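Each chain, written out:
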Amino acid sequence: MKIAIVGAAGKLGSWFAAVLHEHGHELVLIGRRRELVERLAGTLPHAAAGGYADVQAADLIIVSVPLHTVEAVFEQLRPHVKPGQAVIDLSSLKMAPLRAAAAWIPQACFLGVHPMFGPGAESFAGHNVILTPGDDASAALAVKVERYLQPLGAHVVTMEPQTHDEVMGIV
């Protein structure tokens, strides 16, 4: 599978790049710190540094950027996301990215995902991952993500985006 990672130079983005590369995926790495993205791509034989336009060729787009930049990134992605293309956001809250996706990339199949661990983890094994589908299409994508993560040892929980944010507000 070809996966584009926006925010690949960050800690969590580069963690996902390394893990997904290890599992045989072809990667397009995108980030505002081009030198860091190119350096990371140079360490992964099936990865290349790219730009927003390169997401068109991806089967999946993972957005791993700070919550306050999600909307701006979605705005930049808008002309490049294909109808029905899977877009996963990894930020800590889910309602704001869901609203931003509806505004800027409504053509996407958007799924909020919250890995409940940091980039110091060695793998998904033993870690919680929360999926927050917002409609039927993203619920179907959530099932695929769960089927991918469970054999890797992740404990997957699915909940509504608003419930997720309420729970995170307590935590």
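Above this note sits the structure.
Residues numbered from 1 in each chain as written. Predicted model: local features only at pLDDT ≥ 70, side-chain atom pairs only at ≥ 80, totals over all residues. Heavy atoms only, no water.

J.: Would you explain the overall build of the protein in this entry?
T.: Looking only at helices and strands, one finds six helices and eight strands in the protein. For the protein, the succession of helices and strands along the chain, N to C, is β-α-β-α-β-β-α-β-α-β-β-α-β-α. For the protein, the C-alpha radius of gyration of 15 Å lies close to 16 Å, the compact-globule estimate for 171 residues. For the protein, the proportion of its 171 residues judged to be buried stands at 46%. Contacts in the protein between residues far apart in sequence, at least 24 positions, make up 60% of those at least 6 positions apart. Each charge class in the protein can be summarised by its mean position, and for the 12 positive and 16 negative side chains these summaries are 5 Å apart. (Helix = DSSP H or I, 4+ residues; strand = E, 2+ residues; numbered from the N terminus. Rg over C-alpha atoms; globule rule 2.2 N^0.38 Å. Buried < 20%, exposed > 50% of the residue type's maximum accessible area, 1.4 Å probe, protein only. Contact = heavy atoms within 4.5 Å. Lys, Arg positive; Asp, Glu negative; His and termini not counted. Charge placed at Lys NZ, Arg CZ, Asp CG, Glu CD.)

J.: Would you explain helix 4 (residues 95–104) in this entry?
T.: Owing to its 3.6 residues per turn, the α-helix brings residues three or four apart onto one side. Every buried residue of helix 4 is accounted for by Pro97, Ala100 and Ala101. One side of helix 4 carries all its buried residues, which in axial view fall inside an arc of 100 degrees. Pointing more than 90 degrees away from the buried face of helix 4 are the exposed residues Arg99 and Ala102. Buried residues along helix 4 sit in contact with helix 3 (70–77), strand 5 (86–89) and strand 6 (109–115). (Arc of directions from axis to C-beta.)

J.: How should the side chain of His164 be read in this particular structure?
T.: With respect to the element layout, His164 can be found in helix 6 (residues 161–170). Discounting chain neighbours no more than four positions away, the residues touching His164 are Ser92, Leu93, Lys94, His114, Ile130, Thr132 and Met159.

J.: For this particular structure, what's the right way to read the pairing of strand 4 (residues 60–63)?
T.: Two faces belong to every sheet, and in a regular strand the side chains alternate between them. The alternating pattern of strand 4 places Leu60 and Ile62 and Ile61 and Val63 on opposite faces, both of which are buried. Where strand 1 (residues 2–6) meets strand 4, four bridges bridge the pair, whose relative direction is parallel. Bridge pairing in strand 4 places Val6 opposite Val63. Taken together, the four bridges between strand 4 and strand 5 define a ladder with parallel strand orientation. Paired with Leu60 across the two strands is Ala86, which belongs to strand 5. (Pairing = 2+ DSSP bridges.)

J.: When you look at the sheet that holds strand 3 (residues 47–49) in this model, what are you seeing that I'm missing?
T.: Pairing between the strands of a sheet comes from backbone hydrogen bonds, and it takes one of two forms, parallel or antiparallel. Spatial strand order, 3-2-1-4-5-6-7-8: eight strands in an open sheet with mixed pairing. With partners counted over all chains shown, the strands left at the sheet margins are strand 3 and strand 8 (155–158), one partner each. Geometrically, the sheet is characterised by an average inter-axis angle of 25 degrees between neighbouring strands, direction not taken into account. Where strand 6 lies against strand 7 (residues 128–133), five bridges are found, and the strand directions are antiparallel. Bridge pairing in strand 7 places Pro115 opposite Val129. (Axes fitted to C-alpha atoms, helices over the stretch in contact; angles between N-to-C directions.)

J.: It is not clear to me how the pattern of salt bridges should be interpreted in this structure. Could you clarify?
T.: Working definition: two side chains of opposite charge can pair if their charged atoms are close together. A complete count under the given rule lists four salt bridges for this structure. Glu38 serves as the salt-bridge partner of Arg34, at 2.8 Å between the closest nitrogen and oxygen. Note that Arg34 and Glu38 are positioned in helix 2 (residues 34–43) at a spacing of four residues, about one turn of the helix. For Arg34, a relative accessible area of 39% puts it in the partly exposed group. A residue is classified by how much of its surface remains accessible, and Glu38, at 41% relative accessible area, is partly exposed. (Salt bridge = Lys/Arg side-chain N within 4 Å of Asp/Glu carboxyl O.)

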